[in-house]
Amino acid sequence: MRGHDIAVLGGGLVGSAIAWGLTRLGARVALLDEGDVAFRASRGNFGLVWVQSKGQGMAAYAGWTKRSSDSWAELQDHLRAETGIDAGFARPGGFSLCLSEAELDARIAWMRRLHNQPDMVPYPYEVLDRPALARMLPAIGPEVAGGIFCPIDGHANPLRLLRALHGALKARGADYLPEHAVEGIVRTVAGFEIDTTKGKLGAQQVVLTAGLGNARLAPMVGLTAPVRPQRGQIVVTERAARFLDHPMVTIRQTDEGSVMIGDSQEEAGFDTQVGAPILATMAERAVRMFPRLGQLGVVRTWAALRVMTPDGFPIYQQSISHPGAFLATCHSGVTLAAAHALHLAPHILGGHLPTSFAPFGPARFGVPAAA
Amino acid sequence: MNETVDLAVIGAGPAGLAAATVAAGLGLATVVLDEQPAPGGQIYRAIGDTPLRERAILGADYWRGEELVAAFHASGARHLPGTTVWSLDAAREIGISRDGAARFIQAGAAIVATGALERPFPIPGWTLPGVMTAGAAQILLKASGLVPERPVVLAGCGPLLYLLAAQYRRAGTRIAALLDTAPAANWHRAWRHLPEFALASPYLRKGLALIGELRGVPRRRGVEALRAEGDGRLARVSFRAGGVRHSIDTDLLLLHHGVIPQVNLSFAAGCAHDWDAAQLCWRPRIDEWGASSLDGIYVAGDGAGILGAEAAAERGRLAAFDAARRLGRIDAGRRNVLAAPARHALERASRGRRFLDALYRPPDWARLPEGDTVICRCEEATAAQVLEAVAIGCPGPNQLKAFLRCGMGPCQGRQCGPTVQALIARARGLPEASVGYYRLRPPVKPITLAELAALPKTPEAARAVVRG
Amino acid sequence: MRLSVDGRPVEARAGDTVAAALLAAGVLDCRDSAVGGVPRAPYCLMGVCFDCLVRIDGVDNCQGCLVPVREGMRVERQRGARTVG
C-alpha cells in the first residue's frame, strides 16, 4: 500500500466530499469505509439543500450553510464534468407549510428570532398567507394556513451525489477502501499509521468523517466527538409524473418522480426499524398539505440515524495532541457537501482550520480541545 | 383497537389451507389472509372455478387441491380474500389492506405461507412483451382456460416447465420447441442423490410419465445464451446448442428456472434467513415445526424452502399443531401424536427433492447476465451497470441501491435481488451468502399514502413529527 | 361482459383478471415503462413483477393481474410514470 498524503476515515457524504476536495487540490487520498451493512447515515438522506431555518443559536452555521448552497451549482458542474453524473441539484426555492394559524404564528416568530441574531447572514424569505401560497402551489389542501418561502432553498439527489463523488475519486486516482474498518490510529514520524481489519496504511494526515463511528475514533487522535444517533423515518412513493417543482421541508418530489415524505426526530438509540404510528403521522400531514398525494402507492419506507451533536450544529476540529488529525461531522451532508468539498478541504490540506471555524469546535460543549 | 385472532395464516395455498384447517379443528380462532379472490394459491389456482372442463389437461396433482379447499371451507376458519398483507412484525401485528383501507390484525401466532415465485431468468430481451414465465402461462391456463394460439417456445428446465409442456400437449397446443437449459454437468451433481430418488421418491413415477408425454415435442438440450429478440415485442428467440446458434420465430416465450421462496415478508418481519446453496435461494431459518427465529411466527410451505405442494400442506399442518401447543390449546405430547401422520407424509414427500434440485440447477449463464441485459425490471438497470458499480467500490446489494436504484422499485427486489446478489458475488469473488440480500422493510406490497395516513397514531409519534 | 380498453370495446370473460382479459383480447402490451418509456406487458401474472400496471376506472398503477374484470370497466394504457390527480 503506497503512502498517502491524507486518509479520510468514513466514505459517506461528509468523507467523500472532503476526500474529493482534497484530491482536486492534488493530494493523494485514501478513503476508508465499512461494509455493505453499516450505520450509513448517507443512505438515509432526504436530499434537501436547505437554508431557511438553519442556525437558530449559531449564526455562523447559517452563514456556512448559505455559503454551501451558493457553491452547490459549482460542485455539481465539476462532478458532471468529471463523471458525467448529474447530482440532480435544483434551487427553485423551498417552502415550510403550516397546517394551522397557530403553527404559522409560531413559525413566523421563530424566523424573526433567527434573523435577529447578531452576525446573522442576511438572505431573503417571505411569509405567505394562504392566498399567496395557493398562487405558488395550487395543489395545497384546504387546511394549509400559510407558510414560509425562501428562494435559495433547493434539493439534490443524495444517492447520485454519493455515486458522483465516488466516481470522481476513482477517476482522480484516489484509493477507495471499503470493508476497512478502523481499529487503531497511532502517530508516527511520517504522520499516522492506521490499523484496519484489512491491514495497516500510513498517511501524513487523517480526517475522521465516520459519522456515529467518530465517537469511537476521535479519542485515538486526541479529539472528542459527542455524537449520538437520532432516528428519522421516511416514506417513499411510486414514481409519478412531475407535479411538484419546489421542495417542502417534509415533502419533495425527486428528479425520478417518486415523492419523499419525512421526517421524524426520535431518540431510539441505534434502532433503524420503522414504526407505523410515525409513518402514519407523516403520511397524514403530507396528505393534508397536498390531498392528491393520497392516491400514490407507498413502495418503501426506511429509517436512518442522523449523526446528531448536542446542539445539532456541525463539529469541525483539529487535534492539538495529534497535529494533522481533523474531525468533521454534521447531519446535513447534502446541504453542506459543497462547503465541505470546496471550502473546508483546502484548510485541511493546509493543515490548519482558521479562527472562523472556532464556533464549530467542541469547546462550546465544555469539552476540552485536547484530550 | 386492533382485531385479535389466535392464528393468522398468510397465504391460501396448500400450506395455508392445511394449516388453517388443522388450527380451526383444534378450536383456534383462525383467519386466512390472501391476495387472490379464491383459495388455492398459485399451484391450485382457480381450483374452484377453472373454465377447463377436461380434468385430464391439468392432471391429477392439480385436482388433489379440491380436497384441501373443501376441508378448509368446512373447517370454520375465516377467509379474507382480496386482502394484501403489507407488514408483519415480531409482535405479530399484521398490516392488511382490503377494499382500499389498511388496518392491523393482532395475532397470537402467525404462519407465513406466502409460497414461492419464479426464479428470475434475466436474458437479453426478457422485458419484451411476449416473454412471460411458465408460471404465468399456467395461471392463464388454470384460471382463464387460455392457451397460446400460435406455436410457443418454452425455455429453461425443471419439473414445472415439463408439466406445462405436458398440459399444453394434452390441450392440443402447439409447442415450437422446448429449449432445455439443464447443463449435462448437472448429472455429476445429481448422481449421488439418484438412489433416494429412484428407490423411494414419489416423483420418479410422475417424472417418467411426464417425460413420456413429451415425446414428439421438438426439444433442444444443453441450450445456452438464450436471447429474446424483437422491436417493441417478441419476434424471435435465439440460442446456442451444440456450438451452433439457432433462431426460432415466435411471439411467445415462456421462461422457467425453478421457483424460489418468497422471502420479502419474512425478511421484513426480521426473521433470520439462511442461504441454501443447493436451491440457490434464501430461506427462513426454521425448526422442525416451522417455527422461525421470531417467537410465534412460523413459515410453512414453499416459502420456507422448495419442497413442492404436498410437502407444503404437511408443513402447514405441522406449524398449526405447534402453534396450538404454543397457544396452550394442546400440550407437546398431544401435538406429537396428532402431528405424526403429517411428519411421516412430509418425510415421504421430501424424498427425491435433492436429486431434482441438482439435476435442474440453473446454469450460471442464466443467473449471471451480461452487458445491456436488464437486471432490474422496475428501474431498468443493466448487468453492466452493476459491474461498473462494483468496480468503483460498491460492496453489496444495499450500497448498490444507492448507485442504481435496484431494489427500490415496486417489486421490492423480487425480480432483481437474486441476480444482483449473484453478480456482485461473482465480481468480487465471494460466496453469495456473504454478499447478502436487500434490507427489506414494510410495506412489502404497496399501500396508498391515504391508507397509511389513516392508520392509528400516538402522541409520541405526533411529538416526534410535528415540531415547533 | 364488456370492458373498454383505451376507448375500444373489448369482450371479457367473467372471472378473468384484467391482465388475462387483455391478453385474451390480443392486447400485446399494456403500458410504457416509467424509466425508459418502453412497452411492457404482464410477466408473472401473480402480483410480483408489477409489469401489468394499468389505469382502471381512472385509478393509476393498478396491477391488472390482481383485479377481476367488471361490466363497464374502463381500462387505459399508462404511458410512463403515473399521473397525480
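Definitions and limits used
- Residues numbered from 1 in each chain as written.
- Chains lettered and ligands numbered in written order.
- Predicted model: local features only at pLDDT ≥ 70, side-chain atom pairs only at ≥ 80, totals over all residues.
- Heavy atoms only, no water.
- Axes fitted to C-alpha atoms, helices over the stretch in contact; angles between N-to-C directions.
- Helix = DSSP H or I, 4+ residues; strand = E, 2+ residues; numbered from the N terminus.
- Left-handed = near helix turned anticlockwise from the far one by under 90°.
- Contact = heavy atoms within 4.5 Å.
- Nonpolar A, V, L, I, M, F, W, Y, C, P; charged D, E, K, R; others polar.
- Pairing = 2+ DSSP bridges.
- pLDDT = per-residue confidence, 0-100.
- Expected span 1.5 Å × (residues − 1).
- Bend = angle between axes of the 7 residues up to and from the residue.
- Domains from an automatic or database assignment.
- Buried area = accessible area lost by both parts, 1.4 Å probe.
- Salt bridge = Lys/Arg side-chain N within 4 Å of Asp/Glu carboxyl O.
- Polar contact = N/O pair within 3.5 Å; in protein donor to acceptor, adjacent residues only side chain to side chain.

With respect to the packing of helix H5 (residues 134-144) of chain B against helix H6 (residues 159-171) of chain B
All names here are of chain B.
Now for step 1: For the pair H5 and H6, interaxial distance at closest approach is 10 Å and the crossing angle is 35°. Pair H5 / H6 crosses with left-handed handedness. Here H5 contributes Ala134, Ala137, Gln138 and Leu141 to the contact with H6, which in turn contributes Leu160, Leu161, Leu163, Leu164, Gln167 and Tyr168.
Now for step 2: Within the contact of H5 with H6, the residues separate by chemical class into 8 nonpolar, 2 polar and no charged.

With respect to the sheet that holds strand E12 (residues 224-229) of chain B
All names here are of chain B.
Now for step 1: Read from one edge of the open sheet, 3 strands run E12-E13-E14, paired in antiparallel fashion. With one partner strand each, in any of the chains shown, E12 and strand E14 (244-249) form the two edges of the open sheet. Between one strand axis and the next, the sheet turns through 15° on average, direction left out of account.
Now for step 2: Sheet topology places E12 next to strand E13 (residues 236-241); 4 bridges connect them, and they run antiparallel. Across the sheet, Glu224 pairs through a bridge with Arg240, a residue of E13.

Overview of the sheet that holds strand E11 (residues 219-220) of chain B
Residue and element names in this part refer to chain B.
Now for step 1: If you walk across this open sheet you meet the 5 strands as E8-E15-E9-E10-E11, and the pairing is parallel. Because the sheet does not close on itself, it has two edges, and the strands there are strand E8 (131-133) and E11.
Now for step 2: Note that strand E9 (residues 152-156) and strand E10 (residues 175-180) share 5 bridges and pair parallel. Paired with Val152 across the bridge in E10 is Ile175.
Now for step 3: Against the sheet, H5 contacts E8 and strand E15 (253-256), and its axis sits at roughly 80° relative to E8.
Now for step 4: Each of E9, E10, E11 and E15 is contacted by H6, which is oriented at about 160° to E9, the strand it contacts most.

Some details on the confidence of the model for chain C
Now for step 1: Overall, the prediction assigns chain C a mean pLDDT of 96, with 100% of residues at 70 or greater.
Now for step 2: Predicted complex metrics record ipTM = 0.97 and pTM = 0.94.

Concerning helix H2 (residues 59-83) of chain A
All names here are of chain A.
Now for step 1: For H2, built from 25 residues, the straight-helix expectation of 36 Å at 1.5 Å per residue is met to within 8% by its first-to-last C-alpha distance of 35 Å.
Now for step 2: Considering bend angle alone, the principal kink of H2 is centred on Ser71 and spans about 40°.
Now for step 3: A positive backbone phi angle near 80° is found at Gly84, which sits one or two residues after H2.

Describing the domain arrangement of chain A
Residues and elements named next belong to chain A.
Now for step 1: Partitioning chain A into domains gives domain 1 (4-80 + 158-226 + 311-364), domain 2 (94-150) and domain 3 (228-308).
Now for step 2: Each of domain 1 and domain 3 was reduced to a C-alpha centroid, and the two centroids are 27 Å apart.
Now for step 3: Each partner contributes to the interface: domain 1 provides 18 residues, whereas domain 3 provides 21 residues.
Now for step 4: Buried area between domain 1 and domain 3, summed over both chains or domains, comes out near 1500 Å², and the portion from carbon and sulfur atoms is 69%.
Now for step 5: At the boundary of domain 1 and domain 3, one finds 2 salt bridges.
Now for step 6: Note that Glu256 is salt-bridged to Arg160, the shortest N-O span being 3.4 Å.
Now for step 7: Where domain 1 packs against domain 3, one counts 3 residue pairs in polar contact (both at pLDDT 80 or more).
Now for step 8: A breakdown of the residues in the side of domain 1 that touches domain 3 according to their chemical character gives 9 nonpolar, 7 polar and 2 charged.

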